[in-house]
Amino acid sequence: MSIPRHVAIVMDGNGRWARARRLPRAAGHERGVERIHEVALACARRGVEYLSLYAFSTENWNRPRREVDGLLRLLSALMDRDVKTYVQDNLRLRLVGTVERLDRAFQEKVQAAIDLTRDNTGLTVCIAFDYGSRDEITRAARELAAGGIRPEQVTEEVVSQHLLTAGMPDVDLLVRCGGEIRLSNFLLWQSAYAELYFTEVLWPDFGEKELDMALDEFARRSRRFGSLDSGGSS
Ligand code: IPE
Ligand code: IPE
Ligand code: MG
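What you see is a predicted model, and the numbers here were worked out from it, not measured in a lab.

A. Here's a closer look at the nonpolar core. Counting residues in hydrophobic clusters, the biggest one holds 45 residues, and the most contacted among them are I9 and L51. Element by element, the count of residues in this core is highest for helix α3 (residues 65-88), at 9 residues. Residues contacting I9, with those up to four places away along its chain left out, are V39, L51, S52, L53, Y54, V175, C177, F186, W203 and F206. Y54, V96, Y131 and M168 belong to the second largest nonpolar core, which has 14 residues in total.

And the structure:
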């Protein structure tokens, strides 16, 4: 069975999960964050190399301050709690996004977690935090311009190297939970040829079984990348 090297997930539906149980939205976020480790381990066991998780978008700053603060606290708890087990489980943590809007202590915590798992050789878990594709591409363009690059030196490769995902392979499989059929500004450049998989399942209910359904579907797809050859499926 062909396994995607890079799986990206839009972890959506926390609020609806909570509402269905008459719980505050924060309870949905809490449950959602708890899901991350299980799904990461399942991906690692199946041979996935990169798992990118959309945790907080540049647009999510438009939510009420209380919800934003709650999400930040949960992410901070993830750094404290899960990262220790990341070391044991040979998972590497990476952040795609910016930490500029976080307070200094939080930034240091994130950096410490990344450093702690730097030498691990298993699955790389990329948390997309304060991430937005348009912001990412705009920053890359700005960086290139500031570096005084000549027009003919601007290649797809060079642009890729200036994105937050520099060095990572393109997304093979992009999963969105929660029933919405849109990308919401997630990894647009990197998903140019990703297989898209949408499910009604809400992220707090997403587990190994749902992951396998997505992987099975991926293995059945015929990936042609614009050619006529449907031989390879990865
Ligand atoms: C996804 O769940 C988590 C974040 C966007 C941070 P939502 O909070 O968007 O949940 P719904 O879409 O309202 O159900
Ligand atoms: C996308 O979910 C962002 C994350 C999952 C972090 P949203 O709930 O913010 O997306 P929209 O508003 O439905 O597009
Ligand atoms: Mg949502």
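Now that the structure has been shown, we can carry on.
B. Structural view of the packing of aromatic side chains. Per the stated rule, a full pass over the model turns up 7 aromatic pairs. Where Y54 meets Y131, the ring centres are 6.1 Å apart and the plane angle is 80 degrees; that geometry is what we call edge-to-face. Taken together, the positions of Y54 in strand β2 (residues 50-57) and Y131 in strand β4 (residues 124-131) put the pair 77 residues apart, joining distant regions of the chain. Each member of the pair, Y54 as well as Y131, is classed as buried. With centroids separated by 5.0 Å and ring planes inclined at 80 degrees, the aromatic side chains of F56 and W61 adopt a geometry described as edge-to-face.

C. Up close: the site of ligand 2. In the vicinity of ligand 2, the contacting residues are V10, M11, D12, Y54, A55, F56, N60, R63, R176, R182 and S184. A distance of 3.2 Å separates an oxygen atom of ligand 2 from a polar atom in the side chain of D12. Here S184 contributes a side-chain N or O atom positioned 2.6 Å from an oxygen atom of ligand 2. Compared with its free state, where it exposes 390 Å², ligand 2 has 77% of that area covered by protein. Per-element accounting of the shell around ligand 2 gives the leading share, 3 residues, to β2. For the shell around ligand 2, the residue count by class is 5 nonpolar, 2 polar and 4 charged.

D. Layout of the site of ligand 1. The immediate surroundings of ligand 1 are formed by M11, D12, G13, N14, G15, R16, R25, H29, A55, N60, R63 and L71. Here an oxygen atom of ligand 1 and a backbone polar atom of N14 are 3.1 Å apart. In this structure, an oxygen atom belonging to ligand 1 sits 2.7 Å away from a side-chain N or O atom of R63. In this structure the site holding ligand 1 corresponds to the largest pocket. The set of elements that each furnish at least two residues to the shell around ligand 1 consists of α1 (14-20) and α2 (25-45). Looking at the shell around ligand 1, the element that brings in the most residues is α1, giving 3 residues.

E. A look at the environment of E217. Relative to the helices and strands, E217 is located in helix α7 (residues 208-220). Exposure remark for E217: the relative accessible area of 24% places this residue in the partly exposed category. Sequence-wise, E217 and R66 are 151 residues apart; in three dimensions their C-alpha atoms are separated by 38 Å.

F. Helix α4 (residues 104-116), seen in detail. The terminal C-alpha atoms of α4, which comprises 13 residues, lie 18 Å apart, in line with the 18 Å expected from a rise of 1.5 Å per residue. What α4 keeps buried is the set F106, V110, A113 and I114. Looking straight down α4, one finds its buried side chains confined to an arc of 100 degrees; they lie on one side. More than 90 degrees from the buried face of α4, the exposed residues found are R104, A105 and L116. Buried residues along α4 sit against α3 and β3 (92-97). Its side-chain oxygen at 3.2 Å from the backbone nitrogen of A105, D103 defines the N-terminal cap of α4.

G. A look at the layout of surface pockets. If you add up the space inside the largest pocket, you get close to 550 Å³. In this structure, the largest pocket is lined by 26 residues; those nearest its centre are M11, D12, A55, N60 and R63. Where the lining of the largest pocket is concerned, the elements lending two or more residues are α1, α2, β2 and α3. With 5 residues, the single largest contributor to the lining of the largest pocket is α2. Of the residues belonging to the lining of the largest pocket, the class tally is 12 nonpolar, 8 polar and 6 charged. A volume near 200 Å³ is recorded for the second largest pocket. Along its surface, the second largest pocket is lined by P24, R25, A26, H29, R66, E67, G70, L71 and R73. Residue assignment for the lining of the second largest pocket shows that the elements contributing at least two residues are α2 and α3. With 5 residues, α3 is the single largest residue contributor to the lining of the second largest pocket.

Analysis parameters
- Each chain has its residues counted from 1, running along the sequence as written.
- Chains and ligands are labelled sequentially in the order written, the chains with letters from A and the ligands with numbers from 1.
- Residue-level local features of this predicted model are given only where pLDDT is at least 70; pairs of side-chain atoms are given and counted only at 80 or more, and the full residue set underlies all totals for whole chains, interfaces and linings.
- Here the side-chain values reflect all heavy atoms present in the structure, with hydrogen atoms and water set aside.
- Within this scheme, the nonpolar core is defined by two criteria: the residues are buried Ala, Val, Leu, Ile, Met, Phe, Trp, Tyr or Cys, and they are joined through side-chain atoms within 4.5 Å.
- The buried label applies to any residue whose accessible area, calculated with a 1.4 Å probe on protein chains only, is under 20% of its type's maximum; exposed applies above 50%, and partly exposed to all values in between.
- Every helix listed is a DSSP run of H or I at least four residues long, and every strand listed is a run of E at least two residues long, numbered separately from the N terminus.
- By definition, residues are in contact when any of their heavy atoms lie within 4.5 Å.
- Stacked, tilted and edge-to-face pairs are distinguished by plane angle, under 30 degrees for stacked and over 60 for edge-to-face with tilted covering the rest, among Phe, Tyr and Trp rings (Trp via its six-membered ring) whose centres lie within 6.5 Å.
- When at least one non-hydrogen atom of a residue lies within 4 Å of a molecule or strand, that residue is treated as near it.
- Throughout this description, a polar contact denotes any pair of N or O atoms lying within 3.5 Å of each other; where both atoms belong to protein, one of them has to be capable of donating a hydrogen while the other can accept it, and for residues adjacent in sequence the pair is counted only when both atoms sit in side chains.
- We get accessible surface area from the Shrake-Rupley algorithm with a probe of 1.4 Å; when it comes to residues, only the shown protein chains can shield them.
- Residues are grouped as follows: nonpolar covers Ala, Val, Leu, Ile, Met, Phe, Trp, Tyr, Cys and Pro; charged covers Asp, Glu, Lys and Arg; every other residue, Gly included, is treated as polar.
- Here a cavity means grid points, on a 1 Å grid over the protein atoms only, where a 1.4 Å probe fits yet cannot get out; a pocket means an open set of points with protein on both sides within 12 Å along at least five of seven lines; lining residues are those with an atom within 4 Å of a point.
- A pocket or cavity is taken to hold a molecule when more than half of that molecule's atoms are within 2 Å of the pocket's grid points.
- By this rule, a helix spans an expected 1.5 Å times one less than how many residues it contains.
- Working note: the arc is built from the helix axis to C-beta atom directions.
- Grid points are joined across faces, edges and corners, and a volume is the space filled by probe spheres set on the points.

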